[in-house]
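Residues per chain, in single letters:
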Amino acid sequence: MSNLYKEAERFLTPNQKEGSLQTRVFNAARNKQIKTDPKHVYALVSSTLKYKPFILDIIKKAKLLKEEKQIRETQALLLVHDLLFSRSGRIQMGKTPLKDSVLKHKTRLSAELTKLKLKHKVRSFDELIEEDDTPVRWFRANTIKTTKEKVLSELEHLEEVDSIKKIQPGTIYHDEFIPNLFGIHPKEKITTTKLYEKGHIIIQDRASCFPAHILNPGPDDYVIDSCAAPGNKTTHLASYIQRDGSINAFERDVRRSKILDKMVTTAGASKIVKINTGDFTQSKPSDFEDVTGLVVDPSCSGSGIFGRAHEEENPEGSYSDERLQKLSSFQFSIVKHALSFPNAKKVVYSTCSIHAQENERVVIDLLNDSQVKNAGWKVANRSRVIPMWPRRGLVEEFQSFPNPEQLAGGCIRSIPKVDGGIGFFAVLFERDVGSELEKAKDVKVEDIEVEDAEEEGEQDQEDQESEYEEWNGFD
Ligand code: SAM
């Protein structure tokens, strides 16, 4: 058995004492208990757990364990996962008796998967996993390739309803907060439509659409998306400024940068977006003098994300203070870097976390930072940040300021499920570049230094794995 499967096997059994799967795998790697890249082990185990009921059903119906008594159930789970439920469809090991004894049953196993897909009326295995508990499936008409009218005409079998509360199978709701965004019942199979395949619609949670809409770039703007993969917000931004070369997207993870590239291409935004594979905090603001706005949507705890798989991964209490502290100091550094671009007037900071440490408290640390203050940055008023959205920042967090209500009003929050999607936070930093620079003549904006963000590197690597799960877009 290859190291990967041997080392992955023990993580299939939950162990609440040792924490989430992510923590267990990365701790084991740190303590040199596993030799394989922990990212691979984590990806294999979390995906196997996600499909476990289906794999077990297939194994049983194909009589694999009955006929191959030497195979343990946990071994079969991992191997059949890779054979049927991975993109490559390959068992990742050289020729061994174990591999051969699974491959002997490949035809039967595949036939059982086909039956399962027919039973569930899905075309691909990933549709077997329902976005359980997702109250609404949100998608936006991709105005780079089409119009909302054309999308609606292709979905004319769905009856339009005027409230999110009226969404049920067979209906479609046109969102009141985000232009070109629609909500349907999660049971509607939108991902099997031509609209989806051609990139005419993009599945994106409503709250995740807030940042681009808040930045609302116009025809003369140049924009940076600092943490871009898989590209939901990048492609959304591109739909606002459909001008070649107007968006620079940074993504430091090479694998995720390829996914970003794929999404940008499918969305028809290849000419609009320039992808930079690298660390945004290492970029030189003076190289981007024309940039007027930035979106910073960095790695976070993902505590606003829900769904069966995610909850298994993150049992309550797995968001330790220490972890949140590390994340928030990284978030502070990366937003501070964004606030140092010489001609930037607007910076949107967002997370899919519900924790104040990653949200309001990052905002507070930035407002208290002398370089940020001197550069003239303020939290924009509610009137500038989707004013009609009812749920705002936490007032109690801003008590040390004379205007806590105003600051909280400038922030947006959404509560997972309750507000029709994922938990989210967004805030807009704004300044009047000309007058603020005049006032602070002795402070050069581009001199703002950013604290070393490297410390969070190790932790962040783990977080990238959970971000992979977050993606609602193309696969
Ligand atoms: N904005 C994306 C979207 O809407 O599809 C999701 C972004 S995800 C929450 C955060 C991303 O930031 C990850 O892909 C991570 O690899 C990337 N990242 C983290 N630190 C970074 C840095 N210093 N520079 C560039 N990318 C970074």
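Keep in mind the model is a prediction, meaning the values are calculated, not measured.

Q: How would you sum up helix H3 (residues 38-61)? Please name residues and give values.
A: Here H3 spans 32 Å end to end across 24 residues, near enough to the 34 Å set by a 1.5 Å rise per residue. At Lys-52, H3 is bent by approximately 70 degrees, the largest bend along its length, and proline Pro-53 sits one to four residues beyond. Where H3 begins, one side-chain oxygen reaches toward the backbone nitrogen of Lys-39, 2.9 Å away; that side chain belongs to Asp-37. Remark: Lys-63 follows H3 within two positions and exhibits a positive phi of approximately 55 degrees.

Q: Lay out the site of the ligand with the relevant residues and their values.
A: The environment of the ligand is made up of 24 residues, and the closest members are Lys-233, Glu-251, Arg-256, Asp-279 and Asp-297. A distance of 3.2 Å is found between a nitrogen atom of the ligand and a backbone nitrogen or oxygen belonging to Arg-252. Across the complex, the protein chains shield 98% of the 600 Å² of accessible surface that the ligand would expose by itself. Going through the elements one at a time, helix H11 (232-240), helix H14 (321-338) and helix H19 (457-470) are the ones with two or more residues in the shell around the ligand. In terms of residue count, H19 provides more of the shell around the ligand than any other element does, four residues in total. Split into classes, the residues belonging to the shell around the ligand amount to eight nonpolar, six polar and ten charged.

Q: Could you give me a rundown of the side chain of Asn-276, with the residues and numbers involved?
A: Looking at where Asn-276 falls in the secondary structure, it is placed in strand S8 (residues 273-277). Taking relative accessible area as the criterion, Asn-276 reaches 13% and is therefore assigned buried. Ignoring any residue separated from it by four or fewer positions in sequence, one finds Asn-276 in contact with Asn-248, Ala-249, Phe-250 and Glu-251.

Q: If you had to explain the UniProt feature "active site" (unreviewed entry) in the chain to someone new, which residues and values would you point to?
A: Taken from the UniProt record, the annotation "active site" (unreviewed entry) applies to Cys-352. Inspection of the secondary structure puts Cys-352 in the loop between strand S10 (346-351) and helix H15 (360-367). Taking relative accessible area as the criterion, Cys-352 reaches 7% and is therefore assigned buried.

Q: Describe the UniProt feature "binding site: S-adenosyl-L-methionine" (unreviewed entry) in the chain, and please don't skip the residues or the numbers.
A: When the UniProt feature table is mapped onto this chain, "binding site: S-adenosyl-L-methionine" (unreviewed entry) is found at Cys-227, Ala-228, Ala-229, Pro-230, Gly-231, Asn-232, Lys-233, Glu-251, Asp-279 and Asp-297. Relative to the helices and strands, Gly-231 resides in the loop between strand S6 (223-225) and H11. Look past the residues within four positions of Gly-231 in its chain and what remains in contact with it is Leu-260 and Met-263. What Glu-251 contacts, discounting residues up to four positions off in sequence, is Cys-227, Ala-228, Ala-229, Arg-256, Ser-257, Leu-260, Asn-276, Thr-277 and Gly-278. Only 2.9 Å separates the side chain of Glu-251 from the backbone nitrogen of Asp-253, close enough to count as a polar contact.

Q: Please set out the packing of H11 against helix H12 (residues 254-266) residue by residue, giving values where relevant.
A: The relative placement of two packed helices comes down to the angle between their axes together with the axis-to-axis distance. The contact between H11 and H12 brings their axes to 9 Å, and the two run at 30 degrees. On the basis of their axis angle, the class for H11 and H12 is roughly parallel. The chirality of how H11 crosses H12 is right-handed. Residue-level contacts link Asn-232, Thr-234 and Thr-235 of H11 to Leu-260, Met-263 and Val-264 of H12. Of the residues assigned to the contact of H11 with H12, the class counts are three nonpolar, three polar and no charged.

Q: Run through the confidence of the model for the chain, naming residues and quoting values.
A: Per-chain confidence: the chain averages 88 in pLDDT, with 87% of residues scoring 70 or above. A low-confidence stretch, residues 440-475 (pLDDT under 50), is modelled with 87 contacts involving residues beyond four sequence positions or located in other chains.

Q: Lay out the sheet that holds strand S1 (residues 137-141) with the relevant residues and their values.
A: Spatial strand order, S2-S3-S4-S1-S5: five strands in an open sheet with mixed pairing. Only two strands of the sheet have a single neighbouring strand rather than two, namely strand S2 (159-161) and strand S5 (201-203). This sheet shows a mean twist of 35 degrees between the axes of neighbouring strands, independent of strand direction. Taken together, the three bridges between S1 and S5 define a ladder with antiparallel strand orientation. What sits directly across from Arg-140, in S5, is Ile-202. Strands in contact with H11 are S1 and S5; relative to S1, the strand with the most contacts, it is inclined by about 35 degrees.

Reading the values: rules and limits
- Residues numbered from 1 in each chain as written.
- Predicted model: local features only at pLDDT ≥ 70, side-chain atom pairs only at ≥ 80, totals over all residues.
- Heavy atoms only, no water.
- Helix = DSSP H or I, 4+ residues; strand = E, 2+ residues; numbered from the N terminus.
- Expected span 1.5 Å × (residues − 1).
- Bend = angle between axes of the 7 residues up to and from the residue.
- Polar contact = N/O pair within 3.5 Å; in protein donor to acceptor, adjacent residues only side chain to side chain.
- Near = heavy atom within 4 Å.
- Areas by Shrake-Rupley, 256 points an atom, 1.4 Å probe, with all protein chains shown as cover.
- Nonpolar A, V, L, I, M, F, W, Y, C, P; charged D, E, K, R; others polar.
- Buried < 20%, exposed > 50% of the residue type's maximum accessible area, 1.4 Å probe, protein only.
- Contact = heavy atoms within 4.5 Å.
- UniProt positions renumbered as here; feature names shortened; annotations may be inferred.
- Axes fitted to C-alpha atoms, helices over the stretch in contact; angles between N-to-C directions.
- Parallel < 35°, antiparallel > 145°, perpendicular 65-115°, else oblique.
- Left-handed = near helix turned anticlockwise from the far one by under 90°.
- pLDDT = per-residue confidence, 0-100.
- Pairing = 2+ DSSP bridges.

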